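An overview of the molecular structure
The chain contents come next:
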Amino acid sequence: MRKDGDLFTVALCFPDLYEIGMSNTAMRILYSGLNALPGVRCERVFAPARDFEAILRDTRTPLYTLEGGIPLSEVDILAFTVGYELAATNILTVLDLGGIPLDAASRTEGPVIIAGGPAVTNPRPLSRFLDAVWVGEAEAGFFDIIDELSRRGTGRPGRQAILSRLRAERAFWMEGKKAVRAVDEGFPDREYSVQFPWPTIKPVQDHGTVEIMRGCPNGCRFCHAGYYYRPQRIRSPERIFREVEALVLESGYREITLSSLSSGDYPSIVDLFRELNRRWGPRRVSFQLPSLKVEGFTLPVLEELAHTRKSGLTFAVETPEEAWQRAVNKTATLDKILTILKEAGGQGYRLAKFYFMIGLPLPEITGRSETESVIDFLRKLLAGCRFQLNVNIGTFIPKPHTPFQWSPQIGEDEALARIRSIREAFRSERRMKISYHTPFLSNLEGILSRGDDRVGDLI
């Protein structure tokens, strides 16, 4: 979308590669919402790949927006949407390439630098570089503020006027000012536009996405998103049907993801899925439910999923022992999983993915280590089904604003030792593939999640 004229200009940055950012739902919501405002021009910018970064530096060309080629130093607001803590260094790269001083205290002119998203709910690690942080959901007031700024008098308001207005808004965190999380109470009946630029190269997730629910009723004690997006809000079926229709007929998608933190908890999910299959199945449109807890895998759900492409079933077990699962407020018992796999096998499924998390703050079980329990659980899975099993192991990262925010995080060496023991136990097993998230990166993520202002030096 290209808008010309003397407009209030927001450069919206996803601080990662283009092909990753163009898959991001927050980018789509923010971009279409801002450009719907008559006095606002929102243009995209991404962290450049290394070869393009080298060209920008060699030619002394400032990083610019995609739509209009506007240098970042000339926009009114540079807004980062941050979903992953390790994007912190990319944020600095974007500022540096845009000719913007890294330290907020050094800026006397130029754009106001803001950020929002689940990875900056603890603003302290990035506080040195950001002028303000929006805490919560953009639909609950952010668009109104930008609209107001765009309408102030004649011409654009300038850096100090923008900062003054942001300081008056309770959802903005700024140095010396607390913030109150913004919650979109109008989500159930909100209409979302599908007006978003068509990607020029294939994005990593090339499908349409419809958010059917926000928030999660389960309250897993380690899950940051479950607390950040509270309370649970249900999107009305009528809104879902209309958005699917637009994604298929206007944007040309043939794969649609029904997105939420726990899609199986959507009321009447089977009826919703059945109606979507009835309407769009003849046109070979397939639907996916990416976030099903174990209790959500009922036979009717599996039957409806069987109409789509069978890419595999995913189980977030996290920890194998039932007592440990109860300690983190999760239930994913082995017996239930084996029952589901038996039913799914009859529907033609042959692949199952499992996620485990090591290092959770768990009660001790006499004579049984976490590593031994995971190995035992996986051996019973192999014996109880004929599926190909893909297992991913991550390290527990204590997140801010969760019940486990003060819990310790195991070190890199300990995490690697546990992962290697599990992998070694199944080295010759052809039906099982075990991958893992690098513990070094998990440790960095933990520092960036819970750190204070001193982390700015590390970044």
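Details of the structure are given in the entry above.
Per chain, the residues get numbers from 1 upward, laid out in the order the sequence is written. With pLDDT at 70 or above as the cut-off, local features in this predicted model cover only qualifying residues; side-chain atom pairs require 80 or more to be listed or tallied, and sums for whole chains, interfaces and linings still use all residues. In computing side-chain values, all of the structure's heavy atoms are included and hydrogens and water are not.

A separate point is the overall build of the protein. In this text, helices come from DSSP runs of H or I with a minimum length of four residues, and strands from runs of E with a minimum of two, each type numbered from the N-terminal end. Looking only at helices and strands, the protein has 16 helices and 15 strands in total. Every radius of gyration here is taken over C-alpha atoms, with the globule rule written as 2.2 Å times N^0.38, N being the number of residues. Against the globule reference of 23 Å for 459 residues, the protein gives a C-alpha radius of gyration of 23 Å, in line with a compact fold. Taking the principal axes of its C-alpha atoms as reference, the protein extends roughly 70 × 55 × 40 Å. A separation of at least 24 residues holds for 76% of the contacts in the protein among residues at least 6 apart in sequence. When the accessible surface of the protein is split by element, carbon and sulfur atoms take 49% of a total near 21100 Å². Residues are treated as being in contact if the distance between any of their heavy atoms lies within 4.5 Å. The Shrake-Rupley method, run with a 1.4 Å probe sphere, supplies the accessible areas, and residue values consider only the shown protein chains as cover.

This next bit is on the pattern of salt bridges. Basic side-chain nitrogens of Lys or Arg form a salt bridge, by our definition, when they fall within 4 Å of a carboxyl oxygen of Asp or Glu. Taken as a whole and judged by the stated rule, the model has 34 salt bridges. A salt bridge links E211 to R214; the nearest nitrogen and oxygen atoms lie 2.8 Å apart. When accessible area is computed with a 1.4 Å probe and restricted to protein chains, residues below 20% of their type maximum are described as buried, those above 50% as exposed, and intermediate ones as partly exposed. Accessibility expressed as a relative area gives 5% for R214, which makes it buried. R418 is paired through a salt bridge with E414; the nearest N and O atoms lie 2.7 Å apart. Of the two residues, R418 and E414 both sit in helix 14 (residues 412-425), 4 residues apart, roughly one turn of that helix. A relative accessible area of 19% places R418 in the buried class.

For two strands to count as paired, DSSP must find a minimum of two bridges between them. Read from one edge of the open sheet, 6 strands run 2-1-3-4-5-6, paired in mixed fashion. The open sheet terminates on both sides in strands that have one partner only, identified here as strand 2 (40-46) and strand 6 (172-173). Inspection of the sheet shows strand 1 (residues 8-14) paired to strand 3 (residues 77-81) by 4 bridges, in the parallel sense. Bridge pairing in strand 3 links V10 to I77. This element, helix 2 (residues 25-35), spans strand 1, strand 2 and strand 3 of the sheet and lies at about 155 degrees to strand 2. Simply put, an axis is a line fit to the C-alpha atoms, just over the touching stretch for a helix, and the angle between two N-to-C directions goes from 0 to 180 degrees. This element, helix 6 (residues 159-167), spans strand 1, strand 3, strand 4 (112-116), strand 5 (132-134) and strand 6 of the sheet and lies at about 30 degrees to strand 4.

Okay, a nonpolar patch on the surface next. A patch is a set of surface residues, each over 30% in relative accessible area and not in a salt bridge, joined within 9 Å for like charges and within 5 Å for the nonpolar side chains Val, Leu, Ile, Met, Phe, Trp and Tyr. A cluster of nonpolar side chains, F52, I55 and Y64, forms an exposed patch at the surface whose accessible area comes to about 250 Å². Here F52 shows up in helix 3 (residues 50-58).

In this section: empty space enclosed by the protein. A cavity here means a set of 1 Å grid points, computed over protein atoms only, where a 1.4 Å probe fits but cannot escape. A pocket is an open set with protein on both sides within 12 Å along at least 5 of 7 lines, and lining residues have an atom within 4 Å of a point. Grid points are joined across faces, edges and corners, and a volume is the space filled by probe spheres set on the points. As enumerated under the stated definition, the model contains 2 cavities of 30 Å³ or more in all. Of the volumes computed, that of the largest cavity is approximately 70 Å³. Lining of the largest cavity is provided by V82, Y84, E85, A88, A119, V120, N122, P125, L126 and L448. In the scheme used here, Gly and all other residues not listed as nonpolar or charged are polar, with Ala, Val, Leu, Ile, Met, Phe, Trp, Tyr, Cys and Pro taken as nonpolar and Asp, Glu, Lys and Arg as charged. Taken together, the residues of the lining of the largest cavity sort by class into 8 nonpolar, 1 polar and 1 charged. Its volume calculated, the second largest cavity comes out at about 40 Å³. Considered class by class, the residues forming the lining of the second largest cavity number 6 nonpolar, 2 polar and 2 charged.

Tracing the chain through its elements places E169 in the loop between helix 6 and strand 6. Sequence spacing of E169 and I145 is 24 residues, and the spatial spacing of their C-alpha atoms is 8.4 Å. Residues contacting E169, with those up to four places away along its chain left out, are W134, I145 and K177.

So, on to helix 8 (residues 237-249). One less than the number of residues in a helix, times 1.5 Å, gives the span that helix is expected to have. The terminal C-alpha atoms of helix 8 lie 18 Å apart, and with 13 residues this matches the ideal 18 Å at 1.5 Å per residue to within 8%. Turning to helix 8, its buried residues are R239, I240, F241, E243, V244, A246, L247 and V248. Contact partners of the buried residues in helix 8: strand 7 (208-211), strand 10 (255-259), helix 9 (269-280) and strand 11 (286-288).

This brings us to the nonpolar core. Only buried residues count toward a nonpolar core. Its members are Ala, Val, Leu, Ile, Met, Phe, Trp, Tyr and Cys residues joined through side-chain atoms within 4.5 Å. Core analysis: the biggest nonpolar cluster contains 37 residues, and L34, I77, I114, F142, I146 and L166 have the highest contact counts within it. If we ignore the near neighbours within four places in the chain, the residues touching F142 are L30, L34, I114, W134 and F172.

Attention now goes to the environment of R165. Following the sequence through the fold, R165 ends up in helix 6. R165 gets classed as buried once you look at its relative accessible area, which sits at 14%. For the pair R165 and P203, spaced 38 residues apart in the sequence, the C-alpha separation amounts to 36 Å. When neighbours within four sequence positions are excluded, R165 is seen to be in contact with I145, E148, L149 and R152.

Our focus in this paragraph is the sheet that holds strand 7. Taken in spatial order, the 3 strands of this open sheet run 7-10-11, and their pairing is parallel. In this open sheet, the two strands that pair with only one neighbour each are strand 7 and strand 11. On average, each strand axis in the sheet is tilted by 25 degrees relative to the strand beside it, whichever way the strands run. Examined bridge by bridge, strand 10 and strand 11 share 3 bridges and lie parallel to one another. Within strand 11, the residue paired with I256 across the bridge is F287. Packed on one face of the sheet, helix 9 meets strand 10 and strand 11 and runs near 160 degrees to strand 11.

Now for the layout of surface pockets. Put simply, the second largest pocket is a space of about 430 Å³. Lining the second largest pocket we find 18 residues, and of these T121, N122, P123, P400 and H401 sit closest to its centre. Taken together, the elements giving at least two residues each to the lining of the second largest pocket come down to helix 7 (224-228) and helix 15 (439-450). Split into classes, the residues belonging to the lining of the second largest pocket amount to 9 nonpolar, 6 polar and 3 charged.

Below, the discussion takes up the packing of helix 5 (residues 142-150) against helix 6. Interhelical geometry of helix 5 versus helix 6 gives an angle of 145 degrees and a closest axis separation of 11 Å. Here helix 5 and helix 6 pass one another in a crossing that is right-handed. Counting all contacts with helix 5, which are made through I145, E148 and L149, the residues of helix 6 involved are I162, R165 and L166. Along the lines of polarity and charge, the residues of the contact of helix 5 with helix 6 split into 4 nonpolar, no polar and 2 charged. Each crossing is labelled by how the near helix is turned from the far one, with a counterclockwise turn of less than a right angle marking it left-handed and a clockwise turn marking it right-handed.

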